[in-house]
Amino acid sequence: MIYLAGAVYLVPIIWVISLSLRSKKDVFSTIFFTRELHLENYFIAWKTFNFNLLFLNSCIITCVSVVIVLVVSSMAAYAFSRLKYRGSEFFFYAILLGMMVPPAAVVIPLFLIMKNLGLYNTHSALILAYIAFGLPIAVLIFRGFFLSVPAELIEAARIDGSSEVNTYLKIIMPLSTAAVATVTIFSFMQNWNEFLLALILLKDKLLYTVPVGMANLVGQWDSPWQLVAAGVIISSVPIFTVYLLIQDLFIKGLTAGAVKG
Amino acid sequence: MVLRRTARIGFLFSLPAIVFFILFLLIPVLSTFFLSFTEWKGFDLANIKFAGVSNFAELIEDKIFFISLKNTLLFVAFTTVALNILGYIGAAIIDSGRRGTGFFKNALFLPVLLAPIIIGIMWSRMLDAFGIVNQLLKAMEIIKMPILFLGDQRIALYTVIGATIWQYLGYDMLLYYAGLQGVPYELVEAATIDGASKWTIQLKVIIPSLSPVIAITMLLNMIGGFKVFDIVYVMTAGGPNNSSHVFATYLFQQAFRFNRMGYASVIAIVIIVFSFLAAIIRLKLVRQEE
Amino acid sequence: MRHSVLKRCIVLMVLVLFAGFSVFAGGSKEEPKEQGKTEEMAKEEKIVIEFWSWNNEGSYPIVHEDAEKRFEADHPNVDIKREYISYTEYLVKLKAVLSGEEAPNVFQIPWAGEYTELARSGKLLPLTDHLKNGFPEFFPNIMNAISVDGDAWAVPLDLNTLQIAYNKTLFEEMGFGIPKSNTELIRMAQKLADEGKFAVALGTKDLWAGADVFFAQIAYTDPSHTKMAKADAGEISWNSPEFLKAVQIVDEYTKKGVIAPGANSMDAFVGAKNLFVQQQAAMFYPVGNFVTGGITADVGDSFEWSLFPWPPLKAGDEMLPTGGVAEMFVVAKDSDNQDVALDFLRYLTNDAGKEILVKNDFIPSSDFSGDVEMTDLYSNMLNAQSKSQSRVVYNTIVYTAVMNGMQGIYGQTLTPREFIDSLVEAAAK
C-alpha cells in the first residue's frame, strides 16, 4: 500500500522518464510509454548538452563550495556556540539574516562586485557567491548540533591542555559526521541546482554549470523535449546518488539537535 | 584568562564566515538598499540618478505590486500550512516502520533534490490544455473542456502552489521524521501505559515535544515562500495578465524587462523586510511558549 | 545491512554508467574547435569578436555560421565567437554585461523597448554613417523601423511577416476558402466547433504573440497606417476609435471561439503549434519564416498547409499581414575592434549572405536579385512582405500594457474599454 502511494507520488517523474524515451514525433501525442523505447535519446542528450563539460563544471563548483562551506560554517558555528565572545550572538543573527536575501534582488550588485574583483566569468565568482549564500543554513545546523555536544567533553579537553583548534579538529568534528552529512546535502542541493547567479556570473559557454547549460538549449521555437527530458534525468542522477549514499547520516544529523535551531 | 583566550579564538574562528557575509551578502544588500532611492536603467553605470523616495511613493499606488503582495502572502500561507501538516503525516507514516516506508521516504524526497526550474517545466507540460492531466480527466469523463491550470487567472497561482507543495513535501517530512526520532520514548510509553488513545498520544505528547521542530520548519517554509522565484517564473512568469506575480517575479520583471533597477530594489527590500518580520514573530512566539 | 549493499551496488552502477556515457557519447562537436583555437590563440594575437544571438534553432545558426566561415577565411587573424542564449535569459544577461562593460562586440537586439532605450543610452555605436559604407541599401521602411531620434543604430539582417497557417486539407474537407472578412472567419469557427475542432491556435503565455493579433487588426482599422506610430510617440492618444475597434474585433474573436481556448496557458510555439500539427486546430498564428521550417518538419506528409493574413473588415478589402525586421544586430560602443565587428556585419548582409538567407527561407532586408528556386511558401511570404504593416510599439511600458492587456482579453477578464484605458494609463508614465 505504502509502496503504491510512493509510486503514485512519483508519477510526474515517471512521466518525464517516459518523455525521454519517445521519438521526436511522439512527444506530444503519447500519454505514457510507446512501444519503442528510444534509449539513444540519452546518448544524444549527453552529447548535445555536452554533459561532460557541464558535469565537470558543476562538480568543481559544487564540491569546492560545499567543502569550504563545511569548514567555514563549522568553525563559525563552533565559535557561536562554544567560544562565545562579545558580539557573537549579533554576528550569528546577522549571518542568519542572509537566509532571507533573495538572489534575484542582489544579482546585479553581486555582478558588479565580482567584476571589480576581477572574478567575473570565472568559477571562483560562483564559488564565492555560493559559499556566502550557503553559510546561513549551514551555520544554523552546525550550531544547533554543537550545542547538543555535552559541555563536559569540551571542558575535559580544555583541562587536559588541548588547544581550541585541537579540540575542534580532534574532538568536535569527528563527533559531527551527521551534521556534516546534513549540511553537505543541503549545500549540494542548493548549489547544484542554482540557476540565476550561474547565468549572470558566467559568460563563457565553457564554464557553464548543468542548469545553465540545459536552459540554453531549451530555445524559443522548437525544443527537443525528449532530449530535455533525458537531460533532466541525467542531471538529477548525481544528486540523488549523493543523497542515497548519506541519507542515514543525513537524518541522524537532522535528528541530533540540528533541527532544534 | 581562559575566557579571554577562547573569546579571541572564537572571533578568529568566525572571521572567515563574517568576511564572506560582509563581502558577498551585506554589501550587495546595502547596494540594493541604496539603489532603491535611485532611478537606474541597470545597464549604464554612469546614469544612476538620485530619486529620493519617489520609488516608495509609486509602490504604494502600484496595483500590480499589491497583487504580488496578496499572492506572496497566499503562497506563504498555503505552502507553509500544507507542507507542515502533510509533512507531519508523512513522517508519522515513515516512522511506523511498515513495509515500503523506506521507498516511500526516498520517493517523496526525490522531488526536493530537483531544480525548481525542472519541476516547473515538468508540471507545465503535464498541465497543458492538452497535456496528460487533462487527457486523463477527459478520458475519465470528469470534464468536457480542458481545465486551464496555468491559463486561467483564477487558478494559476494555486496551480503553482500545488506544484511547490509536491516538490517540498519530502523536505518537511524528513525534518519531522528526524524530529520524531528525538521524541523521548519514555513519554510515549508512559502515556500508552496510562491508557491514552493513539490520537491523544499524538496530540498531547508527540506534537508538543516537537514544537522546536515545528517552529523551525515553519520558519524555513516561510522564508522560502517569501523568496520564491524559479518555479513561479517557469510556470507562469507572473501571468496571465499579472495575476500570479509574487514579489520575486515582479522584482525580476521590473529589473530586467522594464529596466527599472531602482524600483525593483524597493521590492527587494520589501522581501527582506517581510522575511525578517516573519522570523521575529516566530521568535516572539517561541519565547512566549518558554 | 541489505540496504547498504543495495546502495553500494546502485552507486557503482551509476558511476560505471556515467563513465561509459562520457567516453562514448563524448562532448559536443564544438569542443575540439575551441581547444584548437585556444592553442592557436596562445601562439598569435588573435582578434576575438563576440557575437550573441538568441535564435539558436532552425536555420539561423546556419546563416550565422556561413558568414563566420566566409569572414574567417578572408581574415585569418580573427576569431568569431558565436554565443546563443535562450531568449528569456538573453535580456537578463545582456543587461548584466552592459552594466559591467563586458558587452559582446556584436549582439542581437529585440525591437520593442530594449532597442530604443539602448540606443538612447549611449551604449551603442551609431551606425548612420557606417551603413552608407559597404552595406547594401536596406529597404526604406526598414530604415525607418531602425531609426531612433533620427539615427540608425542597428543592422537589419532579415525580415519576416506574421500570418495564419491553415490546414489546406481540412479546409477542403470543410468546404472553406480563405476567409475574406471577419464575419466569414467567425462563421468558419462555428462550423469547426460543430466538428469538434478549434479555429486558430494561439499561444499567449509569453505575451508577444497575443499583442500581434491586436496589431494585425490595427492594420485594417487604421487605413492610414500612421496612427500607431503617432500614439507610440505620444502625438495622439491611444484612446482613439481605431484602436478601440481593433481590440473589439479580437474580443469578439475570443467570444465567438475563433481563438482556441487556453491561449494564456500555451506558449506560442509548443502548445499552440501542436494543436495545429495534431489537427485539433485548423489554423495557427503567428507563423513566419522563423517557424515554417519547424512546422514543415512536424507536419510532414499528414496534410497540406499554407498561409494567409488575418481577414479584413469587409470582403473585398486588401489582405494585409504585419511584419518587420526579424534579426537585427548592434555594435557595442565601448568594445574594441569595432571596424572588424562592422566588417563581419557586412559579410552577413552582402550578396553571399543574402543568398544563404534566401536558401533557408529567410527574407533579406535589402534587394536580392540572385537566382534561387523559391518554394510556394517562400513566394507567399515574399509577397506578404511587400504589403506588411508595422507591429512595433517602442514604448516599453505601453508595449507591456498591450501584452498583458491582451492576455486579459483572451481570458475575458478585461473589456475592450478597460484595455484601452490601461494603454492610456501606461502612456502617461
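Computed from a predicted model, the values in this text were never measured in an experiment.

Quick look at the overall build of chain A now. The helix and strand inventory of chain A stands at 13 helices and zero strands. Starting at the N terminus, the α and β elements of chain A follow one another as α-α-α-α-α-α-α-α-α-α-α-α-α. Taking the principal axes of the C-alpha coordinates as reference, chain A spans close to 75 × 55 × 30 Å. Taking all 261 residues of chain A together, the buried fraction comes to 57%. For chain A, long-range pairs separated by at least 24 residues make up 82% of all intrachain contacts whose partners lie at least 6 apart in sequence.

Secondary structure assignment for chain C yields 18 helices and 13 strands. Compactness check: chain C gives a C-alpha radius of gyration of 24 Å against a globular reference of 22 Å for 429 residues, within 12% of the reference. When the 429 residues of chain C are sorted by exposure, 46% land in the buried category. Here the contacts in chain C between residues at least 6 apart in sequence split such that 80% fall between residues at least 24 apart.

Here we come to the packing of helix H10 (residues 177-192) of chain A against helix H13 (residues 225-255) of chain A. Residue and element names in this part refer to chain A. The interhelical angle for the contact between H10 and H13, taken along N-to-C directions, is 140°, at an axis separation of 7 Å. The orientation of H10 relative to H13 falls into the category oblique. In the crossing of H10 with H13, the sense of the turn from one axis to the other is left-handed. Seen from H10, the contacting residues are Thr177, Ala178, Ala179, Ala181, Thr182, Thr184, Ile185, Phe188, Met189 and Trp192; seen from H13, they are Ile239, Val242, Tyr243, Ile246, Leu249, Phe250, Lys252, Gly253 and Leu254.

Contacts between chain C and chain B engage 25 residues on the former and 24 residues on the latter. For the side of chain C that touches chain B, the elements supplying multiple residues, two or more each, are helix H4 (87-99), helix H5 (111-121), helix H12 (268-277) and helix H17 (396-410) of chain C. Looking at the side of chain C that touches chain B residue by residue, the classes come out as seven nonpolar, 14 polar and four charged.

This next bit is on the interface of chain A and chain B. The partner chain B presents 64 residues to the 62 residues of chain A that form the contact. At the level of secondary structure, the elements contributing two or more residues to the side of chain A that touches chain B comprise helix H1 (2-9), helix H2 (11-20), helix H4 (51-82), helix H5 (88-97), helix H6 (103-116), helix H7 (123-147), helix H12 (210-217) and H13 of chain A. Residues belonging to the side of chain A that touches chain B are distributed by class as follows: 50 nonpolar, eight polar and four charged.

All names here are of chain C. Along its sequence, chain C is organised into domain 1 (46-156 + 327-361) and domain 2 (161-323 + 393-427). The distance between the C-alpha centroids of domain 1 and domain 2 comes to 30 Å. Listed by partner, the interface residues are seven residues for domain 1 and nine residues for domain 2. Residues belonging to the side of domain 1 that touches domain 2 are distributed by class as follows: one nonpolar, four polar and two charged.

On average, residues of chain A score 81 in pLDDT, and 91% of them reach the 70 mark or higher. Ranking the elements of chain A by mean pLDDT puts helix H9 (residues 164-175) of chain A last with 74 and H4(A) first with 89.

On to the confidence of the model for chain C, then. All names here are of chain C. Averaged over chain C, the pLDDT score is 84; the fraction of residues at 70 or greater is 93%. Note that residues 28-43 has pLDDT below 50 and, in this model, eight contacts with residues that lie over four places away or in other chains. Reported confidence for the predicted complex is 0.82 by ipTM and 0.83 by pTM.

Moving on, we come to H4(C). Here H4(C) is 13 residues long and its end C-alpha atoms lie 19 Å apart, about the 18 Å a rise of 1.5 Å per residue gives. When H4(C) is considered as a whole, its buried residues turn out to be C:Tyr90, C:Val92, C:Lys93, C:Leu94, C:Lys95, C:Ala96, C:Val97, C:Leu98 and C:Ser99. Those residues of H4(C) that are buried lie in contact with H6 and helix H11 (196-201) of chain A, helix H12 (247-257) of chain B together with strand S3 (106-108) of chain C. After H4(C) finishes, the residue C:Glu101 shows a positive phi value of roughly 60°.

The next subject is the nonpolar core. Counting 308 residues, the largest nonpolar core has C:Val200 and C:Met283 as the members making the most contacts within it. In terms of residue count, the dominant contributor to this core is H7(A) (18 residues). Three or more residues apiece are contributed to this core by two domains, here domain 1 (46-156 + 327-361) and domain 2 (161-323 + 393-427) of chain C.

The next thing to look at is the sheet that holds strand S12 (residues 328-331) of chain C. Residues and elements named next belong to chain C. Taken in spatial order, the five strands line up as S2-S1-S3-S12-S6 in an open sheet, and their pairing is mixed. Two strands in the sheet have a free side with no partner beyond their single neighbour: strand S2 (78-84) and strand S6 (155-156). Pairing analysis gives seven bridges linking strand S1 (residues 47-53) to S2, with the strands arranged parallel. Paired with Val48 across the bridge in S2 is Asp79. Docked against the sheet, helix H3 (residues 60-74) engages S1 and S2, running at close to 170° with respect to S2.

What follows covers the environment of A:Phe55. Checked against the element boundaries, A:Phe55 lands in helix H4. In this structure the C-alpha to C-alpha distance between A:Phe55 and A:Tyr208, which are 153 residues apart in sequence, comes to 9.2 Å.

Let's shift gears to helix H13 (residues 289-299) of chain C. Considered for burial, the residues of H13(C) that qualify are C:Asn289, C:Phe290, C:Val291 and C:Thr292. Along its buried surface, H13(C) packs onto strand S7 (158-167), H12, strand S9 (281-287), strand S13 (363-364) and helix H16 (376-387) of chain C.

In this section: the environment of C:Val97. Tracing the sequence through the fold places C:Val97 in helix H4. Here the alpha-carbon distance between C:Val97 and C:Leu320, two residues 223 residues apart in the chain, equals 40 Å. Leaving out residues up to four positions away in the same chain, C:Val97 has contacts with A:Lys203, C:Glu102 and C:Ala103.

Parameters at a glance
Residues numbered from 1 in each chain as written. Chains lettered and ligands numbered in written order. Predicted model: local features only at pLDDT ≥ 70, side-chain atom pairs only at ≥ 80, totals over all residues. Helix = DSSP H or I, 4+ residues; strand = E, 2+ residues; numbered from the N terminus. Buried ≥ 20, exposed ≤ 12 C-beta atoms within 10 Å, placed from the backbone. Contact = placed C-beta atoms within 7 Å. Rg over C-alpha atoms; globule rule 2.2 N^0.38 Å. Axes fitted to C-alpha atoms, helices over the stretch in contact; angles between N-to-C directions. Parallel < 35°, antiparallel > 145°, perpendicular 65-115°, else oblique. Left-handed = near helix turned anticlockwise from the far one by under 90°. Nonpolar A, V, L, I, M, F, W, Y, C, P; charged D, E, K, R; others polar. Domains from an automatic or database assignment. pLDDT = per-residue confidence, 0-100. Expected span 1.5 Å × (residues − 1). Core = buried A, V, L, I, M, F, W, Y, C linked by C-beta atoms within 7 Å. Pairing = 2+ DSSP bridges.

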